[in-house]
Amino acid sequence: MADQQKTRLTVDIYGQTYTIVGSESSSHVRLVASMVDEKMREISSRNPYLDSAKIAVLTAVNSVHDYLKLKERIEQLEEELNKLKG
């Protein structure tokens, strides 16, 4: 099996610099970082007393919640599709 080429990219998330290494395109990594930064800033604006660690955990909790809801919806749609196929 051939090794996938790794992308190394530096991004800023909530005022901190991170080096992300992965197999996704740099535009994808930038989009993910931007979305995380946006969500952290949104949570911070509603809860200004929280420190960055708590904001990061709440961002992770919100992200996993959204992921699970989408996964559940995909499973429902796949079931509906299978019923229609007969």
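Structure: see above.
Being a predicted model, the structure only gives us computed values, none of them experimental.

J.: Hey, could you go over the overall build of the chain for me, with residue numbers and the actual values?
T.: Each helix and strand in the chain was counted, giving 2 helices and 2 strands. Element order for the chain, N to C, with α for helix and β for strand: β-β-α-α. Taking 12 Å as the expected radius of gyration for a compact globule of 86 residues, we find that the chain reaches 18 Å, considerably beyond that expectation. Long-range pairs, those at least 24 residues apart, make up 16% of the contacts in the chain between residues at least 6 apart in sequence. Counting 12 positive and 13 negative side-chain charges, the chain places the averaged centre of each group 1 Å from the other.

J.: So what about the pairing of strand S2 (residues 16–22)? Which residues, and what values?
T.: Relative to S2, strand S1 (residues 7–13) is paired through 7 bridges, and the arrangement is antiparallel. Counterpart to Val11 in the pairing with S2 is Tyr18. If you look at the hairpin formed by S1 and S2, you'll find 2 residues sitting between the two strands, and Tyr14 has a positive phi there, around 50°.

J.: Break down a nonpolar patch on the surface for me, citing the residues and quoting the values.
T.: A surface patch of nonpolar side chains, amounting to about 310 Å² of accessible area, comprises Val64, Tyr67 and Leu68. Residue placement: Leu68 occurs in helix H2 (residues 52–85).

J.: I'd like to hear about helix H1 (residues 26–46), residue by residue, with values.
T.: Compared with the 30 Å implied by 1.5 Å per residue over 21 residues, the 30 Å span of H1 between its first and last C-alpha is a close match. Every buried residue of H1 is listed here: Val29, Ala33, Asp37, Met40, Ile43 and Ser44. Taken down its axis, H1 places every buried residue within 130° of arc, on the same side. With respect to the buried face of H1, the exposed residues turned more than 90 degrees away are Ser27, Met35, Glu38, Ser45 and Arg46. Buried residues along H1 sit against S1, S2 and H2.

Here is what the cut-offs are and how they apply
- Residues numbered from 1 in each chain as written.
- Predicted model: local features only at pLDDT ≥ 70, side-chain atom pairs only at ≥ 80, totals over all residues.
- Heavy atoms only, no water.
- Helix = DSSP H or I, 4+ residues; strand = E, 2+ residues; numbered from the N terminus.
- Rg over C-alpha atoms; globule rule 2.2 N^0.38 Å.
- Contact = heavy atoms within 4.5 Å.
- Lys, Arg positive; Asp, Glu negative; His and termini not counted.
- Charge placed at Lys NZ, Arg CZ, Asp CG, Glu CD.
- Pairing = 2+ DSSP bridges.
- Patch = residues over 30% accessible without salt bridge, like charges linked within 9 Å, V, L, I, M, F, W, Y side chains within 5 Å.
- Areas by Shrake-Rupley, 256 points an atom, 1.4 Å probe, with all protein chains shown as cover.
- Salt bridge = Lys/Arg side-chain N within 4 Å of Asp/Glu carboxyl O.
- Expected span 1.5 Å × (residues − 1).
- Buried < 20%, exposed > 50% of the residue type's maximum accessible area, 1.4 Å probe, protein only.
- Arc of directions from axis to C-beta.

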